[in-house]
Amino acid sequence: NRILNGVVKFPDDLEESWVAAIPSTHRASLIRELAARYGLLAARAPAAVNDVTGQMQQFAALSCEFGQTIESLAPIFADGKCDAQDRIHLTRALSELDDLIAASVTLRQQLLIARDGDAAVTSLHGRRA
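Conventions adopted
Residues numbered from 1 in each chain as written. Predicted model: local features only at pLDDT ≥ 70, side-chain atom pairs only at ≥ 80, totals over all residues. Heavy atoms only, no water. Helix = DSSP H or I, 4+ residues; strand = E, 2+ residues; numbered from the N terminus. Rg over C-alpha atoms; globule rule 2.2 N^0.38 Å. Buried < 20%, exposed > 50% of the residue type's maximum accessible area, 1.4 Å probe, protein only. Areas by Shrake-Rupley, 256 points an atom, 1.4 Å probe, with all protein chains shown as cover. Lys, Arg positive; Asp, Glu negative; His and termini not counted. Charge placed at Lys NZ, Arg CZ, Asp CG, Glu CD. Salt bridge = Lys/Arg side-chain N within 4 Å of Asp/Glu carboxyl O. Contact = heavy atoms within 4.5 Å. Axes fitted to C-alpha atoms, helices over the stretch in contact; angles between N-to-C directions. Parallel < 35°, antiparallel > 145°, perpendicular 65-115°, else oblique. Nonpolar A, V, L, I, M, F, W, Y, C, P; charged D, E, K, R; others polar. Patch = residues over 30% accessible without salt bridge, like charges linked within 9 Å, V, L, I, M, F, W, Y side chains within 5 Å. Left-handed = near helix turned anticlockwise from the far one by under 90°.

A. Here's a closer look at the overall build of the chain. Helix and strand counts for the chain come out as four helices and zero strands. In the chain, the succession of helices and strands from N to C terminus is α-α-α-α. At 18 Å, the chain has a C-alpha radius of gyration far larger than the 14 Å of a compact globule built from 129 residues. Principal axes of the C-alpha set define a box for the chain whose edges measure 50 × 45 × 30 Å. Counting across all 129 residues of the chain, residues that qualify as buried make up 21%. Surface summary for the chain: the accessible area is close to 9400 Å², and the carbon and sulfur share equals 59%. Of the charged side chains in the chain, 13 are positive and 16 negative, and the gap between their average positions amounts to 5 Å.

B. Spatial organisation of the side chain of E65. Of note, E65 is situated in helix α3 (residues 52-77). An unpaired buried charge is present at E65: no salt bridge exists, and R32, the closest side chain of opposite charge, is 7.2 Å distant. Ignoring sequence-local partners within four residues, the contact set of E65 consists of E96, D99, L100 and A103.

C. Broad picture of the packing of helix α2 (residues 24-36) against helix α4 (residues 87-116). Contact geometry of α2 with α4 gives a least axis separation of 11 Å together with a crossing angle of 75°. Taken together, the axes of α2 and α4 lie roughly perpendicular to each other. Between α2, through A28, S29 and R32, and α4, the contact on the second element is made entirely by S95, D98 and D99. Classifying every residue of the contact of α2 with α4 gives one nonpolar, two polar and three charged.

D. The environment of Q110, seen in detail. With respect to the helices and strands, the residue Q110 is situated in helix α4. Sequence-wise, Q110 and A45 are 65 residues apart; in three dimensions their C-alpha atoms are separated by 8.5 Å. Ignoring anything within four residues of it in the chain, the contact list for Q110 reads P46, A47, A48, Q55 and Q58.

E. Geometry of a nonpolar patch on the surface. On the surface, L4, L14 and W18 cluster together into a nonpolar patch covering about 310 Å² of accessible area. As for its placement among the helices and strands, W18 is situated in helix α1 (residues 15-21).

F. Structural view of the environment of L112. Within the secondary structure, L112 sits in helix α4. Assessed through its relative accessible area of 10%, L112 is described here as buried. Sequence separation of L112 and S72 is 40 residues, and the distance between their C-alpha atoms is 30 Å.

G. Structural detail: the packing of α3 against α4. In the contact formed by α3 and α4, the axes pass within 8 Å of each other and the chain directions differ by 155°. Taken together, the axes of α3 and α4 lie roughly antiparallel to each other. For the crossing formed where α3 meets α4, the hand is left-handed. Of the residues that constitute the contact of α3 with α4, the class distribution is 13 nonpolar, nine polar and five charged.

Written out as structure tokens, the structure reads:
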């Protein structure tokens, strides 16, 4: 209770356990927020070259996130415009767009590995991995 009320500082070594304990429906948003605190984009590491199942899961995740993004944008653009009346839908749409961006970055890194090999993959900052 003292941690939740801010009386005692949250112990850093418990952060991963608390994140893991949060329901999966909210976990991605929390991880994004934690990464953003350091100026980072939360995207999963690509699957290993020999992990065909992992690679297909990344492709499926991109497809799923695209569908969820379109679904969240549909009520916003149903009348042909995005305006103040759409505020009720914007939080979900932004969250879905963030998930789509993360899935895209992960799959992009996977494609770079396939093209250039592990040693030639560059980070998002243009440095060698």
